[in-house]
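# Remarks on the overall topology
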Amino acid sequence: PVAGERWFTHRFADADLMASRNEGAGTVFDTIEVSVPWRSAATLAAALESEIGPLCAQLFLHASHAYRSGTCLYAMLFIQEATDAEALARCREAWERTLTLTELHGGATGHHHGIGEVRRQRYADSADGRLHRLVKGALDPAGILRAPLVRD
């Protein structure tokens, strides 16, 4: 068979993966994607496995996009705990560790999923977030387009 044929045929086989994995009490299934230069991709991947793996019942980590300058590391976390609150706390801790490790390895705390509430404050405090506000201010000085893209 042609390389990737099986994947291509079955790539949407579990379209309700997120919903079905989040149905049970005390479970969280979430995804985190970050981008990182090639020089530190393997080290970051190992650190993520070491630091967030123990928080999860299952951790699936792979490089989902490849560029000359680096890659997107994509983590799927399946967390099972006794209560919803415990599962959510572990998920928040996994996010915090992932974003911190990514910054320490010279990566960006996002790739294609957008900023979102979890990344919002880190992005706002970053050089990218400050530049974003400057560009928006220059292009829309009266603030008539949308609410600020990054809240101060």
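Look up: the structure comes first, before these words.
Right, let's walk through the structure included here. As the structure is a prediction and not an experimental result, all values here were calculated from the model. (Residues numbered from 1 in each chain as written. Predicted model: local features only at pLDDT ≥ 70, side-chain atom pairs only at ≥ 80, totals over all residues. Heavy atoms only, no water.)

## Notes on the overall build of the protein
- A count of helices and strands for the protein gives six helices and three strands.
- Going from the N terminus to the C terminus, the protein shows its helices and strands as α-α-β-α-β-β-α-α-α.
- Counting all 152 residues of the protein, 32% fall into the buried class.
- For the protein, the computed accessible surface area is about 9700 Å², with 57% contributed by carbon and sulfur atoms. (Helix = DSSP H or I, 4+ residues; strand = E, 2+ residues; numbered from the N terminus. Buried < 20%, exposed > 50% of the residue type's maximum accessible area, 1.4 Å probe, protein only. Areas by Shrake-Rupley, 256 points an atom, 1.4 Å probe, with all protein chains shown as cover.)

## Describing the nonpolar core
- Residues L44, L48, L73, L77 and I79 are the most contacted members of the largest nonpolar core, which totals 22 residues.
- Counting residues per element, the ones that place at least two in this core are β1 (27–37), α3 (38–52), β3 (70–80) and α4 (84–104).
- With near-sequence residues (within four places) excluded, I79 lies in contact with G26, T27, V28, L55, C56, A57, A87, R90 and C91. (Core = buried A, V, L, I, M, F, W, Y, C linked by side-chain atoms within 4.5 Å. Contact = heavy atoms within 4.5 Å.)

## Points about the packing of aromatic side chains
- Following the criterion strictly, the structure yields one aromatic pair and no others.
- Between F29 and F78, the aromatic rings sit 6.2 Å apart at their centres with planes inclined by 55°, giving tilted as the arrangement. Of the two residues, F29 sits in strand β1 while F78 sits in strand β3, which places them 49 residues apart along the sequence.
- Since its relative accessible area comes to 3%, F29 is described here as buried. (Phe/Tyr/Trp six-rings, centres within 6.5 Å; stacked < 30°, edge-to-face > 60°.)

## Some words on the packing of α3 against α4
- Across the interface, α3 lies against α4 with an axial gap of 10 Å and an inter-helix angle of 155°. When the axes of α3 and α4 are compared, the pair comes out roughly antiparallel. α4 is crossed by α3, and the crossing has right-handed handedness. Across the interface between the two elements, L44, A47, L48, E51 and I52 from α3 touch A94, R97, T98, L101 and T102 from α4. (Axes fitted to C-alpha atoms, helices over the stretch in contact; angles between N-to-C directions. Parallel < 35°, antiparallel > 145°, perpendicular 65-115°, else oblique. Left-handed = near helix turned anticlockwise from the far one by under 90°.)

## Some details on the pairing of β3
- Among the eleven residues in β3, nine count as buried, and that is most of the element.
- Here β1 pairs with β3 via eleven bridges, running antiparallel. Within the sheet, the bridge partner assigned to T27 lies in β3 and is Q80.
- Judged from the eight bridges that link them, strand β2 (residues 58–66) and β3 form a sheet pairing that is antiparallel. The residue of β3 that forms the bridge with L61 is A75.
- Hairpin connection, β2 to β3: the antiparallel pair is bridged by three residues. (Pairing = 2+ DSSP bridges.)

## A closer look at a nonpolar patch on the surface
- A cluster of nonpolar residues, L131, L134, V135 and L139, forms a patch on the protein surface that exposes about 430 Å² of accessible area.
- As for its placement among the helices and strands, L134 is situated in helix α6 (residues 127–139). (Patch = residues over 30% accessible without salt bridge, like charges linked within 9 Å, V, L, I, M, F, W, Y side chains within 5 Å. Salt bridge = Lys/Arg side-chain N within 4 Å of Asp/Glu carboxyl O.)

## Looking at the layout of surface pockets
- Put simply, the second largest pocket is a space of about 230 Å³.
- A108, T109, G110, Y123 and D128 are the residues nearest the centre of the second largest pocket, which is lined by 16 residues in total.
- Only α5 (116–125) and α6 provide two or more residues apiece to the lining of the second largest pocket.
- Sort the elements by how many residues they give to the lining of the second largest pocket and α5 lands first, with three residues.
- A class-by-class count of the residues in the lining of the second largest pocket yields four nonpolar, eight polar and four charged. (1 Å grid on protein atoms, 1.4 Å probe; cavity = no way out; pocket = protein on both sides within 12 Å on 5 of 7 lines; lining within 4 Å. Points joined across faces, edges and corners; volume = space filled by probe spheres on them. Nonpolar A, V, L, I, M, F, W, Y, C, P; charged D, E, K, R; others polar.)

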